[in-house]
2 protein chains.
Amino acid sequence: MAGYISEAVIKRLPAYYRHLKELEKEGVLQISSQELGQRMRLTASQIRQDINSFGGIGRQGYGYSVAGLREHIGRTLGVDRQHHLIIIGAGNIGRAVALSDSFAKNNFVTDAVFDDDPQKIGVCIGEMQVQDVRLAKRYIQEHPVDIAVLAVPVDGAQRLVEELFACGVRGFWNFAPVDLKLPDGACAVNVHLDEGLEVLSYRMLNHQP
Amino acid sequence: MAGYISEAVIKRLPAYYRHLKELEKEGVLQISSQELGQRMRLTASQIRQDINSFGGIGRQGYGYSVAGLREHIGRTLGVDRQHHLIIIGAGNIGRAVALSDSFAKNNFVTDAVFDDDPQKIGVCIGEMQVQDVRLAKRYIQEHPVDIAVLAVPVDGAQRLVEELFACGVRGFWNFAPVDLKLPDGACAVNVHLDEGLEVLSYRMLNHQP
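Nothing here was measured: the structure is a model prediction, and the numbers come from that model. (Residues numbered from 1 in each chain as written. Chains lettered and ligands numbered in written order. Predicted model: local features only at pLDDT ≥ 70, side-chain atom pairs only at ≥ 80, totals over all residues. Heavy atoms only, no water.)

(A) Layout of the overall build of chain A. Looking only at helices and strands, chain A features nine helices and 10 strands. In terms of principal-axis extent, the alpha carbons of chain A reach across some 60 × 45 × 35 Å. Counting across all 209 residues of chain A, residues that qualify as buried make up 50%. In chain A, the share of contacts with a sequence separation of at least 24, taken over all contacts with a separation of at least 6, comes to 55%. Surface accessibility of chain A: about 10,300 Å² in total, with carbon and sulfur atoms responsible for 49%. Charge-centre separation for chain A: the mean point of 22 positive side chains lies 6 Å from the mean point of 25 negative side chains. (Helix = DSSP H or I, 4+ residues; strand = E, 2+ residues; numbered from the N terminus. Buried < 20%, exposed > 50% of the residue type's maximum accessible area, 1.4 Å probe, protein only. Contact = heavy atoms within 4.5 Å. Areas by Shrake-Rupley, 256 points an atom, 1.4 Å probe, with all protein chains shown as cover. Lys, Arg positive; Asp, Glu negative; His and termini not counted. Charge placed at Lys NZ, Arg CZ, Asp CG, Glu CD.)

If you want it as structure tokens, here you go:
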């Protein structure tokens, strides 16, 4: 149903999904583009255009089915199925991701954590024991792994992408402050925390919200 | 020198800043728009246009002074001065931010961590002891606080913004999965980690990098 979805709309899809899940929890069955727009601080026409572009269907005078639209967006995002994650790097960020229960609740389940630091290997993080990163290749051969979380210093990130991709991992959630060169067929989303803080500093300096 | 800087360029400024710092470390003194473009995977003309828009100055045939451009971008971002942070929420994310040394290295110094959980109050995170969030107001009156890191559940985030803003905090680095309503004069950058994972899922499903 959906044709080309623009990058801007793709980035808004998770917010649609989040608001629709909240609406479902609140027991709302139908919602108009006006109401959804107020909630998401978008115009009603922007909402209609967005939803149309990813193939969501509303009914004149009734608006959108909250559950129907939530399911459609979930399928579009691919979050209706479970993703298996491994974390490389048991430092502060790796630990925070491993210990968060919100990712698992959203179908992103962390199965294993790896590190190359002998002082970290063997340590428990929640119910997982940190494993030697040299065992990651064998682990990936024996278990389904969709996404590798790269919570490592800059130096190691690029080599890891290449090695893990060669083992069959296609998705990379990268926390290292580096622009990865992705092999053909690999996908990545970068979380450059430092850069967010710098943008915040810019906005404060220039009195922008 | 700089006029209007577009949102897209503002978001690229930290990447320019990072690459220029790396180039300085490598001992590079001058760089052409071609070379910088290759490094940042942008076209030379995009680089020239970006740099022009934020008032950076190059010399025909010489390119840009790496140190000069890095300093100019640092001033533009406001990261040439120190920012004082407090963290609200001593959970996994709050701990990770508190323990990271990369923020402090970039002039974003965390001075205090607060929580409302009696089990967390008093616990040490690095060299900081978690304080009762009810003491945050007094802390802000007595110390410079530029940015509050919101590492709290959805429910508490909006109220915190209003209370902290009333105490004089203008910047919010928000990790709670909620769209904040900002008081006039407040600035925020949201880090919606779940949403990044969902976009990664979409890209994997649709074979996009």
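Following the structure, the description resumes.
(B) Just the sheet that holds strand β7 (residues 131–132) of chain A, in detail. Within the open sheet, the six strands sit side by side as β7-β4-β3-β8-β9-β10 (chain A). Their pairing is parallel. Edge strands, defined here as strands with exactly one partner in the open sheet, are β7 and β10 (187–190) of chain A. The sheet contact formed by strand β9 (residues 171–174) of chain A and β10 of chain A spans four bridges and is parallel. Note on β10 of chain A: the bridge partner recorded for Trp173 of chain A is Val189 of chain A. Running at roughly 165° to strand β8 (residues 147–150) of chain A, helix α8 (residues 154–166) of chain A makes contact with β3 (83–88), β8 and β9 of chain A of the sheet. Contacting β3, β4 (108–115), β8, β9 and β10 of chain A, helix α9 (residues 193–205) of chain B runs over the sheet at an angle of about 160° to β10 of chain A. (Pairing = 2+ DSSP bridges. Axes fitted to C-alpha atoms, helices over the stretch in contact; angles between N-to-C directions.)

(C) Broad picture of the sheet that holds strand β7 (residues 131–132) of chain B. On the basis of which strands lie adjacent, the open sheet formed by six strands has the order β7-β4-β3-β8-β9-β10 (chain B) and parallel pairing. Of all the strands in the sheet, just β7 and β10 (187–190) of chain B have a single pairing partner and so form its edges. As judged from the four bridges shared by strand β3 (residues 83–88) of chain B and strand β8 (residues 147–150) of chain B, these two strands associate in the parallel manner. Residue Ile88 of chain B lies in a different strand from β8 of chain B, and its bridge partner there is Leu150 of chain B. Sitting on the sheet, helix α9 (residues 193–205) of chain A is in contact with β3, β4 (108–115), β8, β9 (171–174) and β10 of chain B, with an inclination near 160° to β10 of chain B. Sheet strands touched by helix α5 (residues 92–99) of chain B: β3, β4, β8 and β9 of chain B. Its angle to β3 of chain B, the strand with the most contacts, is close to 155°.

(D) Local environment of unusual backbone geometry. A positive phi is found at Asn107 of chain A, a non-glycine position, where the angle reads about 80°. Tracing the chain through its elements places Asn107 of chain A in the loop between α6 (102–105) and β4. The phi angle at Arg41 of chain B is positive, at roughly 55°, despite the residue not being glycine. We classify Arg41 of chain B as partly exposed; its relative accessible area is 46%.

(E) Representation of the interface of chain B and chain A within the structure. Facing the 64 residues of chain B at the interface are 64 residues of chain A. The closest approach of N and O atoms between Asp179 of chain A and Arg18 of chain B, which form a salt bridge, is 3.0 Å. Remark: the boundary between chain B and chain A carries 32 residue pairs in polar contact (both at pLDDT 80 or more). Those elements that place two or more of their residues in the side of chain B that touches chain A are α1 (7–25), α4 (66–77), β3, α5, α6 (102–105), β9, β10 and α9 of chain B. Looking at the side of chain B that touches chain A, the element that brings in the most residues is α9 of chain B, giving 13 residues. (Salt bridge = Lys/Arg side-chain N within 4 Å of Asp/Glu carboxyl O. Polar contact = N/O pair within 3.5 Å; in protein donor to acceptor, adjacent residues only side chain to side chain.)

(F) Geometry of α9 of chain B. Residues and elements named next belong to chain B. Taking 1.5 Å as the rise per residue, α9 with 13 residues should run 18 Å; its terminal C-alpha atoms sit 19 Å apart, in good agreement. When you tally the buried positions in α9, you get 12 out of 13 residues, the bulk of the element. Those residues of α9 that sit buried are Leu193, Asp194, Glu195, Gly196, Leu197, Glu198, Val199, Leu200, Ser201, Tyr202, Arg203 and Met204. (Expected span 1.5 Å × (residues − 1).)

(G) Structural context of the pattern of salt bridges. Considering all chains together, one arrives at 22 salt bridges over all chains under this definition. For Glu24 of chain A, the salt bridge goes to Arg70 of chain A, with nearest N and O atoms at 2.6 Å. A residue pair is termed long-range when its members are at least 10 positions apart, and Glu24 of chain A in helix α1 (residues 7–25) and Arg70 of chain A in helix α4 (residues 66–77) qualify at 46 residues. Here Arg12 of chain B makes a salt bridge to Asp50 of chain B, at a shortest N to O gap of 2.7 Å. Of this pair, Arg12 of chain B sits in helix α1 while Asp50 of chain B sits in helix α3 (residues 44–53), and the two are 38 residues apart along the sequence. Asp50 of chain B gets classed as buried once you look at its relative accessible area, which sits at 2%.

(H) Seen up close, the side chain of Ser33 of chain B. Residue and element names in this part refer to chain B. Take Ser33: it is sitting in helix α2 (residues 33–40). Taking the relative accessible area as the measure of exposure, Ser33 reaches 6% and is therefore buried. Within the structure, the side chain of Ser33 is placed 3.5 Å from the side chain of Gln34, a separation counted as a polar contact. Apart from residues lying up to four places away in sequence, Ser33 is in contact with Ala44, Ile47, Arg48 and Tyr64.

(I) Main features of the environment of Thr110 of chain B. Tracing the backbone through its elements, the reader meets Thr110 of chain B in strand β4. On a C-alpha basis, the gap between Thr110 of chain B and Ile86 of chain B in space is 5.6 Å, while along the polypeptide they are 24 residues apart.

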